[in-house]
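Each chain, written out:
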Amino acid sequence: MTIQNFNLYTARGYAGDLCDASSATVKQTGVLLAGTLGFGIAVQPSGVDQGIAVGSPEIGASSLTNVYGISLREYNHEAGTRPSTGTDFLYRVNESVSILRQGFIYLKLTGATAIIRDAALRVVEATGLFTNVAAAGTSTCLNVHAVQPAVTDEIFKARIDISYTQTA
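This structure is a prediction, so every number in the text was calculated from the model and none was measured.

Undergrad: Outline the overall build of the protein chain, supporting the account with residue identities and numerical values.
TA: When helices and strands are counted, the protein chain shows 0 helices and 12 strands. Sequence-distant contacts in the protein chain: of pairs separated by 6 or more residues, those separated by 24 or more amount to 64%. Summed over its atoms, the accessible surface of the protein chain is roughly 9,200 Å², and 55% of this surface lies on carbon and sulfur atoms.

Undergrad: Could you give an account of the pattern of salt bridges, with specific residues and numbers?
TA: Across all of its chains, the model carries 2 salt bridges by this definition. In this structure, D17 and R73 form a salt bridge, with 3.6 Å as the shortest nitrogen-oxygen distance. Taken together, the residues D17 in the segment before strand 1 (26–32) and R73 in the loop between strand 6 (69–71) and strand 7 (91–92) connect sequence positions 56 residues apart. Residues R159 and D161 are paired through a salt bridge, measuring 2.9 Å at the closest nitrogen-oxygen approach. Residue classification places D161 among the partly exposed residues on the basis of a relative accessible area of 27%.

Criteria and cut-off values
- Residues numbered from 1 in each chain as written.
- Predicted model: local features only at pLDDT ≥ 70, side-chain atom pairs only at ≥ 80, totals over all residues.
- Heavy atoms only, no water.
- Helix = DSSP H or I, 4+ residues; strand = E, 2+ residues; numbered from the N terminus.
- Contact = heavy atoms within 4.5 Å.
- Areas by Shrake-Rupley, 256 points an atom, 1.4 Å probe, with all protein chains shown as cover.
- Salt bridge = Lys/Arg side-chain N within 4 Å of Asp/Glu carboxyl O.
- Buried < 20%, exposed > 50% of the residue type's maximum accessible area, 1.4 Å probe, protein only.

Quick look at the structure:
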């Protein structure tokens, strides 16, 4: 008898996906005030009320940051192209954005340096992308750590914890 192997939907996850439904997960909503925003991207408060912006600010001159939150993937967004390439679903200006403040999330590692388990991630301040490359314009996250090892362009599990202070 022939053995069939089914390999549909076997990906670990996608950037911005929640990893579990833990009761310790803290989510909130913000409004994107400018531009577009992908999934699994660091965000920071901006403007008034619940406004948010892409990226994470450096704390002083120390190249450290507390990431405010990470944008969550939602499946109710329309594709940016037709037919869809599957990679261009974005939050757009004035849309409400689901943000993870605490919990486990899948992220995509950018840059040419792999990351090991329990390592603090680095964030590109201007784009909010997560990396392990120490370069100008990146800051070490005080509250986002890798839960799984990863190589460039790989999806991996990470944890963000709420930071109540913006000082090092």
